[in-house]
Amino acid sequence: CLRIISSDLAEMTKLNSKLGEFLGAYKIDEKDIDILMDIKSINEKGGQYTVYSNLSQQIMNLPKWRNFIFASGAFPENLSECKISELNFVPRFDWQNWSHQTQQKQLKRNPTFADYTIRNPIFNETLQFYSSTTSIKYSLEDNWLVMKGKVREYEYYVASAKLLAESEYFSGRGYSAGDEFTAQKAEHYEKYMADKTIKGTGGAEDWIYAGINHHLVLTVNQIANLSGSK
């Protein structure tokens, strides 16, 4: 796998020269290599995404590479713009851009979709020691639904789970393992609120797992539905 970042696209002639040198030096063919175009953060529809997408179409011998993958992420670095105890909708610009571009049928080769799920694509080492809010991040067709809580107030997990499970946005407990987890925590709400000394709300890692699992199932289904419509 060869990973190309956005700055590499600034000089396409130079990039293609490097790719040619790599193939020659290692005596390997394009058909045995995946090209991963990783442009990291995207915060708008169109704009830079379209620019990078069009430039990537100039990669040498594009149809010959084993896989051509285009990765980006639109989940925000933090939830400062989201309000507590409200339904916050954050656009999935990574998905919106990819689905729009590939359905135009104007590309030399449609890229395989890749994203950073419910995580921001830029790793910030200092955030490892940051106490996160007790928030649920739930992927929808074109947006993320964010139900923001407060730091170390774990009742927000079960309260938000209950609201989500009873809402029109919930995919159902059988949709994914993450949705089953959410449904179980929603059922735990009454018991926990009556006695907060008991456990069972789940922690930050549990809810990241649930959110990512749901996101992966949703996205795979979205891609399958698009493929089936062509």
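Values in this document were obtained by computation on a predicted structure and should not be read as measured data.

Conventions we followed
- Residues numbered from 1 in each chain as written.
- Predicted model: local features only at pLDDT ≥ 70, side-chain atom pairs only at ≥ 80, totals over all residues.
- Heavy atoms only, no water.
- Phe/Tyr/Trp six-rings, centres within 6.5 Å; stacked < 30°, edge-to-face > 60°.
- Helix = DSSP H or I, 4+ residues; strand = E, 2+ residues; numbered from the N terminus.
- Buried < 20%, exposed > 50% of the residue type's maximum accessible area, 1.4 Å probe, protein only.
- Pairing = 2+ DSSP bridges.
- Axes fitted to C-alpha atoms, helices over the stretch in contact; angles between N-to-C directions.
- Salt bridge = Lys/Arg side-chain N within 4 Å of Asp/Glu carboxyl O.

(A) Region of interest: the packing of aromatic side chains. Within the structure shown, the criterion is met by twelve aromatic pairs. On the numbers, 5.4 Å between centres and 35 degrees between planes, the contact of tryptophan 95 with tryptophan 98 is tilted. Taken together, the residues span about one helical turn, with tryptophan 95 and tryptophan 98 both in helix H3 (residues 93–103) at a distance of three residues. Of the residues examined, tryptophan 95 reaches a relative accessible area of 4% and is grouped as buried. Consider the rings of tryptophan 95 and phenylalanine 113, whose centres lie 5.3 Å apart with planes at 85 degrees: the pair is edge-to-face. Of the two residues, tryptophan 95 sits in helix H3 while phenylalanine 113 sits in strand E5 (residues 112–114), which places them 18 residues apart along the sequence. For the pair tryptophan 95 and phenylalanine 113, a shared accessibility class is recorded, and that class is buried. An aromatic cluster is present here, built from Tyr154, Tyr157, Phe181, Trp207 and Tyr209 joined pairwise through their rings.

(B) Geometry of the pairing of strand E7 (residues 143–147). Burial of E7 is extensive: four of the five residues sit out of reach of the surface. Judged from the four bridges that link them, strand E4 (residues 88–91) and E7 form a sheet pairing that is antiparallel. Bridge pairing links valine 90 to tryptophan 144 in E7. Relative to E7, strand E6 (residues 136–139) runs antiparallel, the two sharing four bridges. If you follow isoleucine 136 over to E7, its bridge partner there is methionine 147. In this antiparallel pair of consecutive strands, E6 and E7, the connection spans three residues.

(C) Molecular detail of the sheet that holds E7. Strand order in the open sheet made by the three strands is E4-E7-E6, with antiparallel pairing throughout. Taken across any chain shown, the strands that pair with only one partner, and hence form the sheet edges, are E4 and E6. Strand-to-strand twist in this sheet, taken as the mean axis angle between neighbours without regard to direction, amounts to 25 degrees.

(D) Geometry of the pattern of salt bridges. For the structure shown, the criterion picks out eight salt bridges. Where arginine 3 meets aspartate 38, a salt bridge forms, and the shortest distance between an N and an O atom there is 3.1 Å. In this pair, arginine 3 is assigned in strand E1 (residues 2–5) and aspartate 38 in strand E2 (residues 34–41), connecting sequence segments 35 residues apart. Overall, aspartate 38 belongs to the buried group, its relative accessible area being 4%. The partner of aspartate 38 in a salt bridge is lysine 40, with the nearest N and O atoms 3.7 Å apart. Since its relative accessible area comes to 25%, lysine 40 is described here as partly exposed. The network of salt bridges with shared partners includes Arg3, Asp38 and Lys40.

(E) Focus on H3. The buried fraction of H3 is high, at nine of eleven residues. Positive phi appears at lysine 105, one or two residues downstream of H3, with a value of about 60 degrees.

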